[in-house]
Amino acid sequence: MKKISLAVAAVATMVSSSVVSAYADPVDDKLVIDGQEMITRAPAPEGHPFKEVLSGWLFREPETRELEADSFQNSGMLYVERGQEIWNTVEGSKGKSCASCHNDAAESMKGISAHYPKWDADAKRPINIELQIDKCRTQNMGAEAYKFDAPEQKALTTFIKYQSLGAPVKLDLKQGEMQSWWDRGKKEYYTRTGQLNLACASCHEASMGKHIRADHLSQGQANGFPTYRLKQADMVSLHNRLRGCIRDTRAEMPKPFSDELMALEVYVTWRGTGLSVETPAVRQ
Amino acid sequence: MNLAGILVAASAAAMCGSVAFAAEIAPTDVKFEDYAVNASLTGVAGNAEEGAKVFADRKLGNCLACHENKAMPKQLFQGNVGPSLDGVADRWSPAQLRAIVSDSKKVFGPETVMPGFYSLEVGINVRKDLVGKTVLSAQQVEDVVAYLATLKE
């Protein structure tokens, strides 16, 4: 926190004539889920613009934070349950379920999501959990790929990521051409889009900690996805969120799973290195 | 003012309006000198009341997304990405305010987060229906500037 928030705080003092000071620091609070403490602050990896990476949880209102901390109240847990049912359901021409090959997800899927996106040598591009699910469905089950944001896709992705709850995010940029995708994602992150001429960094780096309308701007971390959004009363996938942020600059939205969004996912995920996977996180 | 006076004033304003339309300065022709735009973009005096509406409207200026303004206490959720605009007219002249609203990058530099409201120097992949269009019209900028000029402490 220290350095960045000091700089932001200095700006805030300069404009302290304001009505209600809408500036608010990320809270000093601990996130414990089912007895396990989440890493919500981590030292930033080398080459990161911040000293410390912060979970979006620290920027949310107390009630929202509370919902995520309590599995019984977290509506995202319903999607975890739904995902488990899908995991065990036979589908496709080969008469298999995910469980036919991967057995108990609590063991076979434990921790793996913390390392996604991952290089896919067959596709020669990074893939995320959604694309890995499609790969197994088409190649190993004789089933069709899911449509983007199909309820089953969101539930199964949530279920698989939940098996990594608490595990620190760590990408392997040495695999395949991951590094060049990271480079591309970084370029995108600092490129202004749309009529409003804003880059990801305009909001999540330059304005982190400030309010845009009612929204307390976080670092825009990906570690909680899919997240349960109270506003939508539904799970929101990462590519849905990224598209929404881009749309808000009054730009055309890239297609889900396009090279553009996969590169951005690699880079944005890296910016959250060391944070716990928080799926299903709760956001406003 | 009596009725005749009002009528004369109204028709003068209407005439003025049509003349000014022809003289409207295109976004690419706006002249920035010393962090100011001295010439009106339309030749028609800005209307502060209209300007206040444009300022608050989320689909137009949406200035409150990033700025607090004590003069609009009924507007909830005022942001603070930029400085509070209380007393902004004590800090900047109308010509400077016109420059800031038209294209803030010409005043604060290329890194500023504030969008240009009468500029075609925008980001990539602009939404198709907005290509070649500015966020605000020239007259809306004049109206907003007239409104900002009322914000004195």
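What counts and how
- Residues numbered from 1 in each chain as written.
- Chains lettered and ligands numbered in written order.
- Predicted model: local features only at pLDDT ≥ 70, side-chain atom pairs only at ≥ 80, totals over all residues.
- Heavy atoms only, no water.
- Contact = heavy atoms within 4.5 Å.
- Buried area = accessible area lost by both parts, 1.4 Å probe.
- Salt bridge = Lys/Arg side-chain N within 4 Å of Asp/Glu carboxyl O.
- Helix = DSSP H or I, 4+ residues; strand = E, 2+ residues; numbered from the N terminus.
- Core = buried A, V, L, I, M, F, W, Y, C linked by side-chain atoms within 4.5 Å.
- Buried < 20%, exposed > 50% of the residue type's maximum accessible area, 1.4 Å probe, protein only.
- Domains from an automatic or database assignment.
- Polar contact = N/O pair within 3.5 Å; in protein donor to acceptor, adjacent residues only side chain to side chain.
- Axes fitted to C-alpha atoms, helices over the stretch in contact; angles between N-to-C directions.
- Parallel < 35°, antiparallel > 145°, perpendicular 65-115°, else oblique.
- Nonpolar A, V, L, I, M, F, W, Y, C, P; charged D, E, K, R; others polar.

Asks: Explain the interface of chain B and chain A here, please?
Replies: Interface size is often expressed as the accessible area that is lost when the parts come together. Counting from both sides, the interface comprises 37 residues of chain B and, opposite them, 28 residues of chain A. Summed over both sides, the interface between chain B and chain A buries roughly 2700 Å², with carbon and sulfur atoms accounting for 52% of that surface. Interface area lost by chain B to chain A is led by Asn-80, Val-81 and Val-113 of chain B, which between them contribute 20%. Between the two partners, chain B and chain A, sit zero salt bridges.

Asks: When you look at the environment of Leu-264 of chain A in this model, what are you seeing that I'm missing?
Replies: Residues and elements named next belong to chain A. Mapped onto the elements, Leu-264 comes out in helix α11 (residues 259-270). When the C-alpha positions of Leu-264 and Met-141 are compared, they lie 30 Å apart, and in sequence the two are 123 residues distant. Leaving out residues up to four positions away in the same chain, Leu-264 has contacts with Gly-185, Glu-188, Tyr-189, Cys-200, Leu-242 and Ile-246.

Asks: Can you walk me through the nonpolar core in this structure?
Replies: Note on soluble globular proteins: their nonpolar side chains tend to be buried together. The biggest cluster of nonpolar side chains holds 34 residues, and the ones touching the most others in it are Leu-41, Phe-55, Met-72, Leu-136, Val-141 and Leu-148 of chain B. Secondary structure elements with two or more residues in this core: α2 (48-56), α4 (94-102) and α6 (138-148) of chain B. Excluding residues that lie within four positions of it along the chain, Leu-136 of chain B makes contacts with Val-54, Leu-60, Gly-61, Phe-117, Tyr-118, Val-141 and Val-144 of chain B. In terms of nonpolar packing, the next biggest core, distinct from the first, is built from 25 residues, Met-178, Trp-181, Ala-263 and Tyr-267 of chain A among them.

Asks: Hey, could you run me through the domain arrangement of chain A in this one?
Replies: Residue and element names in this part refer to chain A. Structurally, chain A comprises domain 1 (2-74 + 168-283) and domain 2 (76-162). With centres defined by C-alpha atoms, the gap from domain 1 to domain 2 works out at 24 Å. Tallying the contact residues gives 33 residues for domain 1 and 25 residues for domain 2. When residues of domain 1 are sorted by the area they lose upon contact with domain 2, Met-235, Phe-257 and Met-262 head the list and together hold 23% of the total. The interface formed by domain 1 and domain 2 includes two salt bridges. Here Asp-234 and Lys-154 are joined by a salt bridge, their closest N and O atoms 3.4 Å apart. For the pair domain 1 and domain 2, the number of links is 13 residue pairs in polar contact (both at pLDDT 80 or more). At the level of elements, α8 (178-189), β10 (234-236), α10 (238-247) and α11 are the ones that each hand at least two residues to the side of domain 1 that touches domain 2.

Asks: Help me out: how do you make sense of the packing of α2 of chain B against α6 of chain B in this one?
Replies: All names here are of chain B. At their nearest, the axes of α2 and α6 sit 7 Å apart, and the two run at 100 degrees to each other. With respect to α6, the element α2 is oriented roughly perpendicular. Across the interface between the two elements, Ala-48, Glu-50, Gly-51, Ala-52, Val-54 and Phe-55 of α2 pack against Gln-140, Asp-143, Val-144, Ala-146, Tyr-147 and Leu-148 of α6. Split by residue class, the contact of α2 with α6 holds eight nonpolar, two polar and two charged.

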